[in-house]
Structure formats: C-alpha cells, structure tokens
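Residues per chain are reported as follows:
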Amino acid sequence: MSSFIINGGNKLHGEIVPQGAKNEALQILCAVLLTPEPVTIHNIPDIRDVNKLIELLGEMGVSVTPAGKGTYIFQAGNIDLDYLKTKEFRKKGAGLRGSVMILGPLLARFGKGYIPHPGGDKIGRRRLDTHFIGLQKLGARFESDGLNTFYSIDATELKGCYMLLDEASVTGTANVVMAAVMAKGTTTIFNAACEPYLVQLCRMLNRMGAKISGVGSNLLNIEGVEYLSGTSHTMLPDMIEIGSFIGLAAMTGSEITIKNVQYKELGIIPEVFRRLGIQLQLRGDDILVPAQETYEVETFMDGSIMTISDAPWPGFTPDLISIALVVATQAKGSVLIHQKMFESRLFFVDKLIDMGAQIILCDPHRATVIGLNHQVPLRGITMSSPDIRAGVALLIAALSAKGKSQIDNIEQIDRGYQDIDGRLRSLGAGIERIEG
C-alpha cells in the first residue's frame, strides 16, 4: 500500500492544467463499441480507472493505438463476445464500476451482452436499477447467475419506447442512450441526466450518425439508426479537479491559476465556492484564485446559516461536497454541508476532527462546520484515504496543516487524479510518494 508524506503549511503558486474529465471518459470509451470504424479520442486522463477500462476494451478485441499524449485511436472491428463469459472478465469488470456502461453498446450492436456486478467507491449504495430497468423497457431480457453477481442479457430486438427514469442517473442515462441509438423506432427518455458529460456523449453519438434531440435537457428523443460511423472527440477538463484546485488555493492561502477550464461548462460550481467567500477571477478561459488571508461564508438573506447541498445537474455535484466541507473548516463563519445522494460520503470527517477541525456530524448525510478562520491551523496526522474524493479532500487538508501528515491507501486517489503529487510539487507543495 502506497502513501503520501506531506509537509504542510507551504504557500503554493503557479499554473495548473486540469486533466480530462474522468466521468466523461468512462462513457465515451464505452461508446467506441458502437461502431467497427476508428474513433479518435483526445484529452484522455492518464488515471487508474480509465486505464483499466482501456485495458478491458483491448482484451475484448478493441484495437487501441496511442496517437500522442492523451490521444488514442480505438477500433472495435473484431469484438470477442466469448471473452465476456470468462472468469478473467468477471474479475476485471467487477473491479471497475464504469464497466457497466459497455452493456448498452453491446446490446445495441450485437444484441447480447454479459456483465458482472461492478465495484467502485465505498461511498454508499449505488444501485443499477436505472440501467437495468431502462434496458428492459427497450426489450432486453436479463438472466442472473442466481447470486446477482453476473448477468447474461439477450436483446435480439431492441425497440424504442417512452420511459420515465426513476432517477436522473448519469451512467444509467448514458447506458440507455447508447442502447437506444440503434433500437428500432423512437425512444423518449424523461428525467434524463443532463450533466455536461452526458451532453458530450450525445454530441459525439450524433456526429457518429445517431439522431438524438433535446441534448442538454432532461427530455431526450432518440430515433434509432442501423449503423454508426467513426468520429473524433475531445473531452472536457475535469470539473472535479477544477473545484479541488479552487479549494486547495483557498485552504493554503495561495495564488493559483487553473488553465483552460471551459468555464461555461462548470455550472453552479464557481458560485458555490464564492458563497464560501473564495474570490475567483475569470481571465479568458482560465480561473485565477488570488491569495486570501481569510474568506467569509455568506449567510442566507434572512441571516440564517448557509447550507451547501448536492443535487443532480444543474445542482452542485456530489463529487465536490467533500472539497466544500474541507474548505469550510478554515472559513470565517459556519456552514451546513448536506450530502443528499450518498449515505457514506461524509464518513471521513473524523479524520478532519483529529486534525483539529470543528465539525458536528449530525447524521450520515449532514455535517455542521464551524470555521476556524485560519486562526488555528489544522495539524498533521496519519490517516487513510477511504475513496477518491474524500482522499483528495484529506490531501488538501494536509497541505494546509501544520506539520507532517501521512495519507495511506493512495491507490484510491490515483484512480481519479493524474500524477497529482507531481503536479502539486510544481506549485511548491511538500509532498512525497512512498511506494508500498
């Protein structure tokens, strides 16, 4: 098990470029299965989860050709469906939650598919009902191994239909969309996710020959086609990294410029950090976070305590709730953090309390943070990363803390952040990786 050793308290300075969006990459990479023609994808993040999915596609028979930094050419001309029945596939697919999104393309193009129940972060219950029910409404028939750990799916004749999704699941919507683009007839999806990553997927599919209208809204209409062609696609910068770097600048009192952020795609994210008192300056398509000795949390208009909560897009993404919580620990004022969507995502606050933060964990979904206003620095401790997003929040806390910290189980962080220690060192951070 590898670790980070962090000497906190350094002022950081410089420019940092966000990686390509992980959550977009997992959808876009699965979409290459929809066509036998070459698909070129740019700005692919070099991170563990994405690399594992690329490796999985290669073992399924997809030709994978590097074509420059962050660029690959994929060609799914000879897919080995028998590989999907092997123990090796079961093991690899089960270790990667994003693998569930190969299902929609397989059903659309080949009329059948196989999938193990995928894993992922331990952040609470993340059911697959939206995926499975949506595909069943298109005509897919699921058979389980009896233990609900492996599924065989027959979809010899997918037919378009109307469906109201039970939740606006991003990956669930993506899976259903990728199946529907080659189904017979018209599919209408209401309560569809409308995150920028899903918008990116729909735009890519339309360039391939799909007929999707309503892109960017929660009502999608899809007219099925018989064939999709190749295309090229460039992924957005990762909004979670951008938010993390904003939080890092605020916590360490540093001036940092975040490059090429595609600001119009960030939605409410900049406004939420402004509510926490963080100044942001837009310069072209870069965000400058100036050094601040203090930042004060706003209150609501009636003077009541500010609440930061997550919600489906265009609400505040749950992946940044942990960052907002950490930032609040050194703000002037108090804030209630309400994590609505996952019941275990606040279970890292005990480590922040050990570092000296003043936090009341009200229940699995809510925490009240009393800001220290940079008057009392957090103190370094030894801790372990429970998941990707909490791990980076703890890393930000450690970089702001007084003294030395150690974060174990950083493989979790590596799943979502590309060379995070090297990029932070370029800003002046005191961080070292110890291989376990």
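Starting from 1, residues in each chain are numbered consecutively following that chain's sequence as written. Per-residue local features are limited, in this predicted model, to residues with pLDDT of at least 70; the limit for side-chain atom pairs, both in listing and counting, is 80 or more; totals at the level of whole chains, interfaces and linings are taken over all residues. Hydrogens are left out, water is left out, and the side-chain values use all remaining heavy atoms of the structure.

## Section: unusual backbone geometry
For the record, the criterion: Numbering of helices and strands runs from the N terminus, with a helix taken as a DSSP run of H or I at least four residues long and a strand as a DSSP run of E at least two residues long.
Of the consecutive residues tryptophan 313 and proline 314, the connecting peptide bond is found in the cis state with omega at 15°. Mapped onto the elements of the fold, proline 314 is located in the loop between β17 (306-309) and α10 (321-328).

## Overview of the layout of surface pockets
Which parts of space are left empty comes out when a probe the size of a water molecule is rolled across the atoms. In plain terms, the rule: Of the grid points, spaced at 1 Å and generated over the protein atoms alone, those admitting a 1.4 Å probe that cannot get out make up cavities, while open sets with protein on both sides within 12 Å along at least five of seven lines make up pockets; any residue with an atom within 4 Å of a point is treated as lining. Grid points are joined across faces, edges and corners, and a volume is the space filled by probe spheres set on the points. Charged residues are taken to be Asp, Glu, Lys and Arg, nonpolar residues to be Ala, Val, Leu, Ile, Met, Phe, Trp, Tyr, Cys and Pro, and polar residues to be all remaining types, Gly included.
By volume, the second largest pocket is sized at about 390 Å³. Lining the second largest pocket are 17 residues, with Ile44, Asp46, Lys69, Gly70 and Gln418 positioned closest to its centre. The class makeup of the residues in the lining of the second largest pocket is 6 nonpolar, 7 polar and 4 charged.

## Section: helix α12 (residues 388-400)
Selection criterion: To estimate how far a helix should reach, multiply one less than its number of residues by 1.5 Å. The term polar contact refers here to a pair of N or O atoms within 3.5 Å; inside protein, the definition further demands a hydrogen-donor-capable atom paired with an acceptor-capable atom, and it admits residues adjacent in sequence only when both atoms are side-chain atoms.
Helix length check: α12 (13 residues) gives 19 Å between terminal C-alpha atoms against 18 Å at 1.5 Å per residue, within 8%. Where α12 begins, the capping side chain belongs to aspartate 387, and its oxygen is found 3.0 Å from the backbone nitrogen of arginine 389.

## A closer look at a nonpolar patch on the surface
Test applied: Note that patches include only residues with greater than 30% relative accessible area and no salt bridge, and the join distances are 9 Å for like charges and 5 Å for nonpolar side chains (Val, Leu, Ile, Met, Phe, Trp, Tyr). Working definition of accessibility: Shrake-Rupley area with a 1.4 Å probe, residue cover restricted to the visible protein chains. Salt bridge, as used here: a side-chain nitrogen of Lys or Arg that lies within 4 Å of a carboxyl oxygen of Asp or Glu.
On the surface, a cluster of nonpolar side chains totalling about 380 Å² of accessible area is made up of Tyr162, Leu164, Phe190 and Leu219. On the secondary structure map, phenylalanine 190 appears in strand β10 (residues 186-190).

## What to know about the pattern of salt bridges
Put simply, the rule is: Each residue is placed in one exposure class: buried if its accessible area under a 1.4 Å probe, protein chains only, is under 20% of its type's maximum, exposed if it is over 50%, and partly exposed if it falls in between.
Counted by the stated rule, this structure contains 22 salt bridges. Lysine 11 serves as the salt-bridge partner of glutamate 293, at 3.8 Å between the closest nitrogen and oxygen. Note that glutamate 293 is positioned in the loop between β16 (286-289) and β17 and lysine 11 in the loop between β1 (3-7) and β2 (13-16), a separation of 282 residues in sequence. Both residues of the pair, glutamate 293 and lysine 11, belong to the exposed class. Residues aspartate 319 and arginine 389 are paired through a salt bridge, measuring 3.8 Å at the closest nitrogen-oxygen approach. Of this pair, aspartate 319 sits in the loop between β17 and α10 while arginine 389 sits in helix α12, and the two are 70 residues apart along the sequence. Taking relative accessible area as the criterion, aspartate 319 reaches 12% and is therefore assigned buried. Arginine 389 sits in the buried class, given a relative accessible area of 4%. Each of Arg48, Asp414, Asp421, Arg425 and Arg433 takes part in salt bridges that share partners, so that together they form one network.

## Comments concerning the sheet that holds strand β9 (residues 162-164)
The test is simple: Here the rule is simple: two strands pair whenever DSSP picks up at least two bridges between them. Fitted lines through C-alpha atoms serve as axes, helices being fitted only where they are in contact, and the angles separating the N-to-C directions of these axes extend from 0 to 180 degrees. Residue contacts are counted whenever heavy atoms from the two residues lie within 4.5 Å of one another.
The 4 strands lie next to each other as β9-β10-β12-β11, forming an open sheet whose pairing is mixed. Two strands lie at the open edges of the sheet, namely β9 and β11 (211-213), each paired on one side alone. The mean inter-strand angle of the sheet, taken between neighbouring strand axes irrespective of direction, is 15°. Sheet analysis places β10 next to strand β12 (residues 219-223), joined by 5 bridges and oriented antiparallel. Looking at β12, one finds that phenylalanine 190 is bridged to leucine 219. Along the sheet face, helix α7 (residues 196-207) touches β11 and β12 and points at about 145° away from the line of β11.

## Some words on the sheet that holds strand β21 (residues 382-384)
With mixed pairing, 4 strands are arranged side by side in an open sheet as β21-β22-β1-β23. This sheet does not close on itself; its edge strands, each paired only once, are β21 and β23 (430-434). Averaged over all neighbouring strand pairs, the angle between strand axes comes to 20°, with direction disregarded. The sheet contact formed by β1 and β23 spans 5 bridges and is antiparallel. From the neighbouring strand, serine 3 faces β23, where its bridge partner is isoleucine 434.

## Quick word on the packing of aromatic side chains
What counts is decided by this rule: Note on aromatic pairs: the rings of Phe, Tyr and Trp (six-membered ring only in Trp) are paired at centre separations within 6.5 Å, and the planes decide the class, stacked below 30 degrees, edge-to-face beyond 60, tilted for the rest. To sit over a ring, a charge needs its Lys NZ or Arg CZ within 6 Å of the ring centre and within 35 degrees of the ring normal.
A full pass over the atoms with the stated rule returns 5 aromatic pairs. Of the aromatic side chains, those joined through ring pairs into one cluster are Phe132, Phe142 and Tyr151. It is arginine 90 that lies over the ring of phenylalanine 150; its NZ or CZ is 3.8 Å from the centre.

## Quick word on the pairing of β1
Counting buried positions along β1 yields 4 of 5 residues, so the element is predominantly enclosed. Bridge count between β1 and strand β22 (residues 404-408): 5 bridges; the pairing is antiparallel. What sits directly across from isoleucine 6, in β22, is serine 405.

## Quick notes on the nonpolar core
Most often, soluble globular proteins have nonpolar side chains that are buried together. In plain terms, the rule: Here the nonpolar core consists of buried residues drawn from Ala, Val, Leu, Ile, Met, Phe, Trp, Tyr and Cys, with membership extended through side-chain atoms lying within 4.5 Å.
Membership of the largest hydrophobic core comes to 79 residues, with the highest contact counts inside it found for Ile258, Ile308, Leu325 and Leu352. With 10 residues, α12 is the single largest residue contributor to this core. The contact partners of leucine 352, leaving out residues within four places of it in the chain, are Leu325, Val326, Ala357, Ile359, Leu394 and Ala397. One finds Leu33, Ile79, Ile189 and Ala192 within the second-largest nonpolar core, a separate group that totals 75 residues.

## Here we look at the environment of lysine 112
One can find lysine 112 in strand β6 (residues 112-116). Considering only alpha carbons, one finds lysine 112 and leucine 147, 35 residues apart in sequence, at a separation of 20 Å. Residues contacting lysine 112, with those up to four places away along its chain left out, are Leu81, Leu106, Leu107, Ile153 and Ala155.

## Re the packing of helix α1 (residues 22-31) against helix α6 (residues 170-180)
Threshold: The labels follow the angle: roughly parallel below 35 degrees, roughly antiparallel above 145, roughly perpendicular from 65 to 115, and oblique for the rest. Definitions for this section: a left-handed crossing has its near helix turned counterclockwise from the far helix by less than a right angle. A right-handed crossing has that turn clockwise.
Where α1 meets α6, the closest approach of the two axes is 11 Å, and the angle between their N-to-C directions is 15°. With respect to α6, the element α1 is oriented roughly parallel. In terms of crossing hand, the pair formed by α1 and α6 is right-handed. Taking contact as the criterion, the partners of Gln27, Cys30 and Ala31 in α1 are, on α6, Val170, Ala174 and Met178.

## Observations concerning empty space enclosed by the protein
In total, this model carries 2 cavities of 30 Å³ or more according to the counting rule given. Computed from the structure, the largest cavity encloses a volume of approximately 60 Å³. In terms of lining, the largest cavity is formed by Ser244, Phe245, Leu248, Val392, Leu395, Ile396, Tyr417, Ile420 and Leu424. Listing elements by their share of the lining of the largest cavity, those giving two or more residues are α8 (239-252), α12 and α14 (420-425). Grouping the constituent residues of the lining of the largest cavity by class yields 8 nonpolar, 1 polar and no charged. As a volume, the second largest cavity reaches approximately 30 Å³. Taken together, the residues of the lining of the second largest cavity sort by class into 7 nonpolar, no polar and 1 charged.

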